[in-house]
Amino acid sequence: MKLRIEELKKSLEKAKVEAAQQAAADAFYATEQGQAFKRECEEKRILLGSEYDCAESATLELIESHLQATLGKQWRANRLSTSYVELVVVDANSKPIFGQSVSIYYEKKCWLGGERFQINVGTCGSHDLLPEEHGYTMADFYIGIGKLHANTELLETIKDALFYYAERIADIQKEVRELDELIKNSTRA
């Protein structure tokens with residue numbers, strides 16, 4: 001019972017502090033200076049969103065250009081996150097074919113210790129052994145994967161691009177969190 005009372009007291013104190021911070025923020029944002037500050041923070045947030053988008057598209061373009069130079073124009077970097085990139089083969093309309101992909105997983109500091117830079121290739125399942133209508137066969141897909149495995153320079157380029165991307169995105173996300181906190185708690189401005 002005493003523990004529950006202590007928890008309630010802490011919750012009440014926290015609510016009082018948050019209410020006071022919100023009241024101070026509301027009062028500040030009611031002023032001309034506060035409105036200008038909030039606009040400036042929101043503009044910075046928009047710029048950071050643009051930086052995020054630019055970092056993503058630049059990384060995808062870099063990886064894709066190196067893939068295509070080595071594996072062929074049908075290869076694309078399809079999806080990108082801060083822990084993996086998905087590679088696919090596309091048809092003339094840039095639509096993925098085969099329903100197969102190659103995922104490269106990466107982390108600068110892996111929970112197992114050290115770096116992680118691993119590949120996962122989708123299984124081929126059942127497919128036609130004769131060349132397919134789009135002019136690219138399942139054999140070409142697996143030959144491309146073999147070339148990817150064998151090309152250390154390409155792999156190093158992809159790894160460097162992915163690690164740089166993850167670091168840049170982490171920096172952007174940190175800046176956004178700091179801006180959000182600054183907007184929420186304007187007394188720190």
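Located above this text is the structure these notes cover.
Heads up: these notes are all about the structure in this document.

The rules behind these values
Residues numbered from 1 in each chain as written. Predicted model: local features only at pLDDT ≥ 70, side-chain atom pairs only at ≥ 80, totals over all residues. Heavy atoms only, no water. Helix = DSSP H or I, 4+ residues; strand = E, 2+ residues; numbered from the N terminus. Rg over C-alpha atoms; globule rule 2.2 N^0.38 Å. Buried < 20%, exposed > 50% of the residue type's maximum accessible area, 1.4 Å probe, protein only. Contact = heavy atoms within 4.5 Å. Areas by Shrake-Rupley, 256 points an atom, 1.4 Å probe, with all protein chains shown as cover. Lys, Arg positive; Asp, Glu negative; His and termini not counted. Charge placed at Lys NZ, Arg CZ, Asp CG, Glu CD. Phe/Tyr/Trp six-rings, centres within 6.5 Å; stacked < 30°, edge-to-face > 60°. Lys NZ or Arg CZ within 6 Å of the ring centre and 35° of its normal. Pairing = 2+ DSSP bridges. Axes fitted to C-alpha atoms, helices over the stretch in contact; angles between N-to-C directions. Parallel < 35°, antiparallel > 145°, perpendicular 65-115°, else oblique. Left-handed = near helix turned anticlockwise from the far one by under 90°. Nonpolar A, V, L, I, M, F, W, Y, C, P; charged D, E, K, R; others polar.

**Structural notes on the overall build of the protein**
Here's step 1: Across its full length, the protein holds four helices and four strands.
Here's step 2: In sequence order, the secondary structure elements of the protein are arranged as α-α-β-β-β-β-α-α.
Here's step 3: In summary, the protein has a C-alpha radius of gyration of 25 Å against a globular reference of 16 Å for 189 residues, an excess of more than 25%.
Here's step 4: Viewed in the frame of its principal axes, the protein has a C-alpha envelope of about 70 × 50 × 30 Å.
Here's step 5: Here the protein holds 189 residues, and the buried ones make up 29% of them.
Here's step 6: For the protein, contacts bridging at least 24 residues in sequence account for 51% of all contacts bridging at least 6.
Here's step 7: Accessible area of the protein: about 12,400 Å², with a carbon and sulfur share of 53%.
Here's step 8: Of note, the protein has its 24 positive side-chain charges centred 9 Å away from the centre of its 31 negative side-chain charges.

**Side note on the packing of aromatic side chains**
Here the distance between the centres and the angle between the planes together describe a pair of aromatic rings.
Here's step 1: According to the stated counting rule, one finds seven aromatic pairs in the structure shown.
Here's step 2: A ring pair is formed by Tyr106 and Phe163, whose centres lie 5.9 Å apart and whose planes are at 40 degrees; its orientation type is tilted. Of this pair, Tyr106 sits in strand β3 (residues 102-107) while Phe163 sits in helix α4 (residues 152-184), and the two are 57 residues apart along the sequence.
Here's step 3: Owing to a relative accessible area of 0%, Tyr106 belongs among the buried residues under this scheme.
Here's step 4: By way of ring pairs, the aromatic residues Phe28, Tyr29 and Phe37 are connected into one cluster.
Here's step 5: One Lys or Arg, Lys38, reaches over the ring of Tyr29 and ends 5.1 Å from the middle of that ring.

**What about the environment of Ile63?**
Here's step 1: With respect to the helices and strands, the residue Ile63 is situated in helix α2 (residues 32-71).
Here's step 2: Each C-alpha atom of the pair Ile63 and Arg76 lies 8.3 Å from the other, and the pair is 13 residues apart in sequence.
Here's step 3: In this structure, Ile63 is in contact with Ala77, Leu87, Ile158, Ala161 and Leu162, ignoring residues within four places of it in sequence.

**Describing the sheet that holds β3**
Here's step 1: Overall, antiparallel pairing links the four strands, which are arranged β1-β2-β3-β4 in an open sheet. The sheet is open, and its two borders are formed by β1 (75-80) and β4 (116-121), each paired with just one other strand. Pairs of neighbouring strands in the sheet enclose a mean axial angle of 20 degrees, with direction left out of account.
Here's step 2: Where strand β2 (residues 84-89) lies against β3, four bridges are found, and the strand directions are antiparallel. Within β3, the residue paired with Tyr84 across the bridge is Tyr105.

**Some points on the packing of α2 against helix α3 (residues 138-150)**
Here's step 1: Packing of α2 against α3 brings their axes to within 10 Å, and their N-to-C directions diverge by 110 degrees. With respect to α3, the axis of α2 lies roughly perpendicular. Note on packing geometry: the crossing formed by α2 with α3 is right-handed. Of the residues in α3, those touching α2 at Leu67, Thr70 and Leu71 are Gly144, Lys147 and Leu148.
Here's step 2: Residue classes in the contact of α2 with α3 are distributed as three nonpolar, two polar and one charged.

**Examining the pairing of β3**
Here's step 1: Note: β3 against β4, six bridges, orientation antiparallel. Residue pairing across strands places Tyr105 opposite Gln118, the latter belonging to β4.

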